[in-house]
Every structure is written in C-alpha cells, then in structure tokens.
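# Breakdown of the fold
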Amino acid sequence: MIFGRSERGKPPVEPATFKILVAGGFGVGKTTLVGAVSEIRPLHTEEYLTEAGRPVDDISGVESKHTTTVAMDFGRITLREDLVLYLFGTPGQERFWFMWDELSEGALGAVVLADTRRLEDCFAAVDYFERRSIPFVVGVNCFDGSVRYPQDDVRQALDLDEDVPVLLCDARERESVKEVLIGVVRHAMAYTAQHRQTVTT
C-alpha cells in the first residue's frame, strides 16, 4: 500500500498519529535526529550563535556548533501504514524551557537524547518527563571519538527507573533513529497499559 491510498479491493487505512518529543541538552543532536528520519522536509527554527549569547550558551564540548534551536524542530515519519509519528524537537537551553509545557501537550512519549561526554546536560529533561509522568526512553547518541559506556552504567548515572529503556543510537543514521522511535512507542504503550491496570486495581 502507498501511504494515503489503498490496494484494489481493500478499504483505505486511517493511520493512528502520535506526537513524540525529542529533548536533551544543548548541542546533543536533536535537530540532527529529526532531520535524519523525517520523510518531509523538517521545519527548523535555528539561529546563529552570537557573542551576545556566549555568557548563557555553554558550548564546552561542542565548540564547532554555530547554530541553536530557538523554538522547535518538526518532522514526520511513517513507521507502518497505520502508524505515523510527528516529531517535535525541543530547544535545549534553559531560557527556552518555558516552551516545553506547550510542546509536551498530548505527547505519547519522548526521547531524551544524551551525550556521555556531557551527561549532566540531560538531567533536566529526565526530571521534566518523570515529574509529568510522560514515558520516555534515553537515546545515547554515539558521537565519533566518544567512549561507549554500557547501558547499565548510563542508567545508574542518570538514576533511571529499571523500566526506562536506554538505547544506543547514531542521530545521523535513519535506521538507528527509527529503532529508537520504535522503542519509544513500545515503552509508551506498555507504560500506559500498566498505568491503567494500576488505576483499576
């Protein structure tokens, strides 16, 4: 089947659509992730870093970064003919966190993208989703030249619950990102089912 059309003799499939957030620290690769997997031309709201922002934008470890997201990134991916994900990349700097509440409205789940060289930068995102009971996975972006730590070490460093998936990925690679997104959907479905069961018992 071609998306939006049906095979002869079969009724058209109305896809389920879900909103997924992509969060994490400044310069961790959120814009790259959305761009790598989106089947439409992604919407980016990036501006060049300036001297005026130097006191508040810590580029330690990402000295080659020249732009920053000031509102959001947006993309779309069809995982199956009946499942479409809309991706919203959140801005990483603290001064833009006020936008997270609006972006997270109605989200199925989230990816917290992490860089093991600056793992503390994703603490705020982990805390945000835990406090609001939004299911999330941690995607460890494996940058060139960075040390690859076992998932259990990352889980312990971030003080994550045992049921929060920790997945290794390359934000530049479409198939790698797809696996992370599939992981978010699976985790969110399991989380929702477990929550409903807890409420009814």
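Residues numbered from 1 in each chain as written. Predicted model: local features only at pLDDT ≥ 70, side-chain atom pairs only at ≥ 80, totals over all residues. Heavy atoms only, no water.

## Considering the overall build of the chain
Our working definition: The way it works is that DSSP assigns letters per residue, a run of H or I at least four long becomes a helix, a run of E at least two long becomes a strand, and they are numbered from the N terminus. Residue burial is assigned from relative accessible area. The probe radius is 1.4 Å, only protein chains are included, and a residue is buried under 20% of its type maximum, exposed over 50%, and partly exposed in between. Any two residues whose heavy atoms approach within 4.5 Å at even a single point are treated as in contact. In this description, accessible areas are obtained by the Shrake-Rupley approach with a 1.4 Å probe, and a residue is regarded as covered only by the protein chains that are shown.
Looking only at helices and strands, the chain features 5 helices and 7 strands. The order of α-helices and β-strands along the chain, N terminus first, is β-α-β-β-β-α-β-α-β-α-β-α. For the chain, buried positions account for 43% of its 201 residues. Restricting the contact set of the chain to residue pairs at least 6 apart, pairs at least 24 apart contribute 72%. When the accessible surface of the chain is split by element, carbon and sulfur atoms take 50% of a total near 11400 Å².

## What to know about the packing of aromatic side chains
The condition is simple: When two rings of Phe, Tyr or Trp (its six-membered ring) have centres within 6.5 Å they constitute a pair, described as stacked for plane angles under 30 degrees, edge-to-face for angles over 60, and tilted for the intermediate range. We count a charge as sitting over a ring when the NZ of a lysine or the CZ of an arginine lies within 6 Å of the ring centre and within 35 degrees of the ring normal.
Within this structure, the stated rule accounts for 6 aromatic pairs. Between Trp 100 and Phe 129, the aromatic rings sit 6.3 Å apart at their centres with planes inclined by 15°, giving stacked as the arrangement. Of this pair, Trp 100 sits in helix H2 (residues 100-104) while Phe 129 is found in helix H3 (residues 123-131), placing the two residues 29 residues apart along the sequence. Comparing Trp 100 with Phe 129 shows no difference in burial state: the two are buried. Ring centres of Tyr 128 and Phe 129 lie 5.4 Å apart, and the angle between their planes is 90°; this geometry places the pair in the edge-to-face category. Phe 129 matches Tyr 128 in its accessibility class, with the two residues each being buried. Among the aromatic side chains, those forming a connected cluster through ring pairs are Trp 100, Tyr 128, Phe 129 and Phe 136. Just above the ring of Phe 143 sits the side chain of Arg 117; from NZ or CZ to the centre is 4.5 Å.

## A closer look at the nonpolar core
Worth spelling out the cut-off: Nine residue types can take part in a nonpolar core, namely buried Ala, Val, Leu, Ile, Met, Phe, Trp, Tyr and Cys, and a core is a set of them joined through side-chain atoms within 4.5 Å.
Core analysis: the largest hydrophobic core is formed by 24 residues, its most contacted members being Leu 21, Val 112, Phe 129, Phe 136, Val 138, Leu 158 and Leu 160. Residue assignment for this core shows that the elements contributing at least two residues are strand E1 (16-24), H2, strand E5 (109-114), H3, strand E6 (136-141) and helix H4 (151-158). Among the elements that make up this core, the one with the highest residue count is H3 (4 residues). Contact partners of Val 138, with chain neighbours within four places excluded, come to Val 112, Ala 114, Leu 158, Leu 160, Pro 165, Val 166 and Leu 167.

## What to know about the pattern of salt bridges
What counts is decided by this rule: One side-chain nitrogen of Lys or Arg within 4 Å of one carboxyl oxygen of Asp or Glu is enough to make a salt bridge.
What the rule picks out here adds up to 9 salt bridges. With a closest N to O distance of 3.6 Å, Arg 118 and Asp 115 form a salt bridge. Taking relative accessible area as the criterion, Arg 118 reaches 9% and is therefore assigned buried. Taking relative accessible area as the criterion, Asp 115 reaches 2% and is therefore assigned buried. Across the pair Arg 172 and Asp 170 runs a salt bridge, and its minimum N-O distance is 2.9 Å. Through salt bridges with shared partners, a single network forms among Asp 115, Arg 117, Arg 118 and Asp 121.

Any functional reading would require information that these geometric values do not contain.
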